[in-house]
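Chain by chain, the residues:
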Protein chains: 2
Amino acid sequence: MTTATKYSSSEIYSDIKSKLTIGKFLQGSKLRAERLRLNYNCSASTIREVMLKLSCEGHLEAVEQKGFRVPMGTSESRTDLVRMRVLLEKEGLKLSLENGKLDWEAELAASYHKLAHIENVIQQSGRIVSNMLFWNEAEYSFHKALISACESKLLLETHYNIYNRFRQQLISDDTNYGFDIRNIAEHKAIFDAAIKRNYPLCSSILESHIDKDLSHRSKLQKVAAA
Amino acid sequence: MTTATKYSSSEIYSDIKSKLTIGKFLQGSKLRAERLRLNYNCSASTIREVMLKLSCEGHLEAVEQKGFRVPMGTSESRTDLVRMRVLLEKEGLKLSLENGKLDWEAELAASYHKLAHIENVIQQSGRIVSNMLFWNEAEYSFHKALISACESKLLLETHYNIYNRFRQQLISDDTNYGFDIRNIAEHKAIFDAAIKRNYPLCSSILESHIDKDLSHRSKLQKVAAA
DNA sequence: AATATTCAAAATCTCGAAATTTTAGTGAAA
DNA sequence: TTTCACTAAAATTTCGAGATTTTGAATATT
């Protein structure tokens, strides 16, 4: 028996967005408003409002009179997201290395510590799926911390959006949900270089770190095509 | 007597957005849904949908249960918009100079030609306000053309959003609606350098061109404060 | 005079149903 | 067998009203 729990507009938004970013909806699939309305026990307008917001942010594709779909990821769209993340994170890093004070270093250290801990747990236990949400949150926090002293609200907002779209497009069970054993060493190298304020080194590791999922993917595709 | 014309959702969206970007709504003022509903002869939901989209894009500020306002521009938010435009346009320009073929040059030449024509008309006639919409469109087309061969849909989409928010924040009657006599020479210099594929020169002029409104503004503020 | 409180008017948000459009399935014609 | 037209079902979008919350002015209190 299902209890008729009531969800608010923002709760529904967060829930669907999180399901999108961890790959619970298949790319290209349609999100039926009526189904969701019953699921969340709300009106059609509320669901519509949520879907419009998600499509405005690029998490869904809206076609007038034809509803909402999860965008079909292409090799081009993934490359695009990677390049955009690299552009924003490099710029944010450069500015943070210039402007960041002790508070910034402390925030970075804190987020690195959490991320390293979770990655260690995943490596030891092999339980990726059950730690997905924690890892997702921790990885974002770390990358955000790197750029958080850039003193640009706009850069941070744009990065938040692009980072989440990156996850949605690139992360799936094919890619082990974005978790890679090499991440552990890379995150440490990025953290160390950032603390040393070594921009050339830090940005170079950062770039190949973000790029990695892409090259991994195209390798997979070549294998599949062969 | 008023004829009860019917407007579609997307028409209303475009109309309000255009009014925002050319400064027809005062910064900090509230957009009353009921008033707009009567104006556009539609339902409350339709207006709400439009306002939600505009707030998602950063053209309006939404506070739950308290409606929608035109964001109050601050010196920080303007600096932020300028820096973001510079980042995106420099990157787009660099990529376009690398990738752009003859078609790109032709598109750039076409948009430059239109822009130069309109700016000439404005300079001759002094009629800025009546040419606002044309100039607005032409200036965007030119700046878009500069970066249009970057081969990044995401960069172009983000730039479109930031450019419009830049207009909304920086353009008002104080700043002569963004029109400056120096623009004519600057646009020509940017165009010439782009055709010569001279990135260092072109990006440097481009940066000071975008920055100009800001320094002009802070000069105005200093005068006002004195 | 300044601060609180009350209450009605106005505005926002949510709802469920009506209107419109798309989708899918059936059958007729080429 | 394929193509086209028609129709019924399903989905999306728009609507207007009702419920909830905010606002602001008038009154009361310190």
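Look up a bit, the structure's there.
Notes on the structure in this doc start here. (Residues numbered from 1 in each chain as written. Chains lettered and ligands numbered in written order. Predicted model: local features only at pLDDT ≥ 70, side-chain atom pairs only at ≥ 80, totals over all residues.)

Details of the sheet that holds strand β3 (residues 67-69) of chain B
Residue and element names in this part refer to chain B.
Then step 1. The strand order across the open sheet formed by three strands is β1-β3-β2, and the pairing between neighbours is antiparallel. What marks the edges here is a single partner per strand, and that holds for β1 (30-31) and β2 (61-63).
Then step 2. Looking at chain direction, β1 and β3 are connected through two bridges and run antiparallel. Note on β3: the bridge partner recorded for Lys30 is Arg69. (Pairing = 2+ DSSP bridges. Helix = DSSP H or I, 4+ residues; strand = E, 2+ residues; numbered from the N terminus.)

So, the packing of helix α4 (residues 75-99) of chain B against helix α7 (residues 153-170) of chain B
All names here are of chain B.
Then step 1. Packing of α4 against α7 leaves a shortest axis separation of 9 Å and a crossing angle of 145 degrees. Here α4 and α7 pass one another in a crossing that is left-handed. Residues Ser77, Arg78, Leu81, Met84, Arg85, Leu88, Glu89, Glu91 and Gly92 of α4 touch α7, and the partners they reach there are Leu155, Thr158, His159, Ile162, Tyr163, Arg165, Phe166, Gln169 and Leu170.
Then step 2. Class assignment of the residues belonging to the contact of α4 with α7 gives a composition of eight nonpolar, five polar and five charged. (Axes fitted to C-alpha atoms, helices over the stretch in contact; angles between N-to-C directions. Left-handed = near helix turned anticlockwise from the far one by under 90°. Contact = placed C-beta atoms within 7 Å. Nonpolar A, V, L, I, M, F, W, Y, C, P; charged D, E, K, R; others polar.)

Quick look at the sheet that holds strand β1 (residues 30-31) of chain A
Then step 1. The sheet built from three strands is open, its strands ordered β1-β3-β2 (chain A) with antiparallel pairing. Either end of the sheet is taken by a strand with one partner, and the two such strands are β1 and β2 (61-63) of chain A.

Some words on the protein's contact with DNA strand D
Then step 1. The environment of DNA strand D is made up of 18 residues, and the closest members are Ala33(A), Gly67(A), Ser9(B), Cys42(B) and Ser43(B).
Then step 2. Those elements that provide at least two residues to the surface near DNA strand D are α2 (33-40) and α3 (44-56) of chain A together with α3 (44-56) of chain B.
Then step 3. Looking at the surface near DNA strand D residue by residue, the classes come out as four nonpolar, nine polar and five charged. (Near = placed C-beta within 6 Å.)

Focus: α7(B)
Then step 1. With 18 residues, α7(B) should cover 26 Å at 1.5 Å per step; its first-to-last C-alpha distance of 26 Å lies within 8% of that length.
Then step 2. For α7(B), every residue scored as buried is listed here: Leu155(B), Thr158(B), His159(B), Ile162(B), Tyr163(B), Arg165(B), Phe166(B), Arg167(B), Gln168(B), Gln169(B) and Leu170(B). (Expected span 1.5 Å × (residues − 1). Buried ≥ 20, exposed ≤ 12 C-beta atoms within 10 Å, placed from the backbone.)

Some thoughts on the interface of chain B and chain A
Then step 1. Contacts between chain B and chain A engage 17 residues on the former and 17 residues on the latter.
Then step 2. Ranked by residues supplied to the side of chain B that touches chain A, first place goes to α4(B) with six residues.
Then step 3. A per-class count over the side of chain B that touches chain A returns seven nonpolar, three polar and seven charged.

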